[in-house]
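Examining the three-dimensional arrangement
One letter stands for each residue in the lines below.
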Amino acid sequence: RACSDGKPAKFQPPPKPVIIDKQKQREERRFLSPEFIPPRGRTDPLKFYIERKDMIQRRKVFNIPEFYVGHVLAVTTADPHANGKTNRFVGICIQRGGKGLGATFVLRNVIEDQGVEICYELYSPRIQAIEVLKLEKRLDDNLMYLRDALPEYSTFDVNMKPVSRLHHEDIPVNKLQVRMKPKPWSKRWERPKYNVKGIKFELPEEKMKEAQKWSQPWLEFDMLREYDTSKIEEKIWKEVSEELKK
Amino acid sequence: QGLLRRSVSHSFPSFASVTGACQAIQKLTRVRVVDNSALGNTPYHRPPKCIHVYNKTGVGKVGDTILLAIKGEKKKALIVGHKMPGPHMTPRFDSNNVVLIEDNGNPVGTRIKTPIPYILRQREGEFSKVLAIARNFV
């Protein structure tokens, strides 16, 4: 390349390569799937240990991506009654429940003006692929109120292309406030028991005040209900990550 | 659209108190007809109601036949989706969907736009004509 003077260009060293140490970054962001954490109770921890071994075995064979409530997923299952034996369903994850091998997640979508929800089992051998199409956390971890929200908030295109993932960064939180259909709803979402932050309540002030009558402010201070999972999580995280590396 | 709990809907006004789904489909449940038949789509002042379920238990799930009272007439229908959650991996719909059917199993309408669960394919012999007019499967 000749520069504007006409003389040969000054030697410019190539730009330094940016080394992204992926392993280090993956270690910095740890995600332990909620179904690994054992529920509070008096069962023998051996049972959970054996279950975790089975879960890790399944994860080695089939990759279950990291996902939260509010992500848009596409799941292909093996179905003997479908054409081509596979069935693909796209939807937003509204709830993740169950612990251990029976962990489930519910996907919701509105197809042809009809709301459809399917509860899938994470560790079922019928599932052939799970792809995360859109990475987006919401303000709550239970989006059941989408059933009473306007259908546009639950519609997702079946042929949606996966949105490119920003690697090694925090998952964005969508602070969307959803507008609801007129009352009656399936559950009284304005009550403090549900602690819903993602709804734009257009109810009059008196109704909101009346709903606060059912608040139980002593619940968060109840010591018998406390379940501190931080130490359990640390142990399980070490165990799981070691097993998966093998 | 045709959801039972809203006070404004194109086929019937219902201002009385409305119950949510307890069991799947039984006697006196209001259903939504999803095919494009004339009987199912013309507005009437009363919603189509189930009056009998052809089952040992009185509760109808996906794939059961029921007797419907529409526009003052009795008509058989096939349940294609209900609000009650079923076994895992099966779809749960937001409304109780039903397809009008004759006594010999022939569907009355010619097209079904709403998605139908794949489980109906198992009984291909009885429902082949209904599955043939269905467009989307879930």
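Structure: see above.
First, a word on scope: everything that follows refers to the structure included in this document. What you see as residue numbers is a count from 1 along each chain, following the sequence as written. Chains and ligands are labelled by the order in which they are written, letters from A for the one and numbers from 1 for the other. Only residues with pLDDT of at least 70 are given local features in this predicted model, and only at 80 or more are side-chain atom pairs given and counted; all residues enter the totals for whole chains, interfaces and linings. As a rule here, side-chain values come from all non-hydrogen atoms in the structure, and water together with hydrogens is ignored.

1. Looking at the environment of A:Y49
Residue and element names in this part refer to chain A. The line we're drawing: Counting from the N terminus, the helices are the DSSP runs of H or I reaching at least four residues and the strands are the DSSP runs of E reaching at least two. Burial classes follow relative accessibility: with a 1.4 Å probe on protein chains only, a residue under 20% of its type's maximum area counts as buried, one over 50% as exposed, and anything between as partly exposed.
Here Y49 lies in helix α2 (residues 45-61). The class of Y49 is partly exposed, set by a relative accessible area of 37%. Residues Y49 and G100, spaced 51 residues apart in sequence, show a C-alpha to C-alpha distance of 9.8 Å.

2. So, unusual backbone geometry
Note the cis peptide between A:K183 and A:P184, where omega equals 10 degrees. Along the chain, the position of A:P184 falls in the loop between β7 (173-174) and α3 (205-211). In this structure, B:K71 is a non-glycine residue whose phi angle is positive, near 50 degrees. One can find B:K71 in the loop between β3 (65-70) and β4 (73-81).

3. Observations regarding the packing of aromatic side chains
All names here are of chain A. Applied cut-off: What counts as a ring pair is set by centres within 6.5 Å for rings of Phe, Tyr and Trp (its six-membered ring), and what kind of pair is set by the plane angle: stacked under 30 degrees, edge-to-face over 60, tilted for all other angles.
Taken as a whole and assessed by the stated rule, the structure comprises seven aromatic pairs over all chains. Judged by centre distance (5.1 Å) and plane angle (65 degrees), the rings of F67 and F105 are edge-to-face. On the criterion of sequence distance, the pair formed by F67 in the loop between α2 and β1 (72-78) and F105 in strand β3 (residues 104-111) is long-range, its members being 38 residues apart. Take F67 and F105: they sit in the same class, and that class is buried.

4. What about the pattern of salt bridges?
Put simply, the rule reads: Take a side-chain nitrogen of Lys or Arg and a carboxyl oxygen of Asp or Glu: if they are within 4 Å of each other, that pair is a salt bridge.
Applying the stated criterion to the full structure yields 18 salt bridges over all chains. Residues A:E117 and A:R147 are paired through a salt bridge, measuring 2.8 Å at the closest nitrogen-oxygen approach. Note that A:E117 is positioned in strand β4 (residues 114-121) and A:R147 in the loop between β6 (137-138) and β7, a separation of 30 residues in sequence. Given a relative accessible area of 25%, A:R147 falls into the partly exposed group. Each of A:R108, A:E117, A:R147, B:R92 and B:D94 takes part in a single network of salt bridges with overlapping partners.

5. Considerations on the pairing of β3(B)
The side chains of a regular strand alternate between both faces of the sheet. Residue and element names in this part refer to chain B. The following threshold applies: We call two strands paired when DSSP finds no fewer than two bridges between them.
As paired strands, strand β2 (residues 49-53) and β3 are joined by four bridges and run antiparallel to one another. Across the sheet, the residue bridging to C50 is L68, located in β3. As judged from the six bridges shared by β3 and β4, these two strands associate in the antiparallel manner. Bridged to L67 within β4 is K76. In sequence, β3 turns back onto β4 through a hairpin of two residues, with K71 there showing a positive phi of about 50 degrees.

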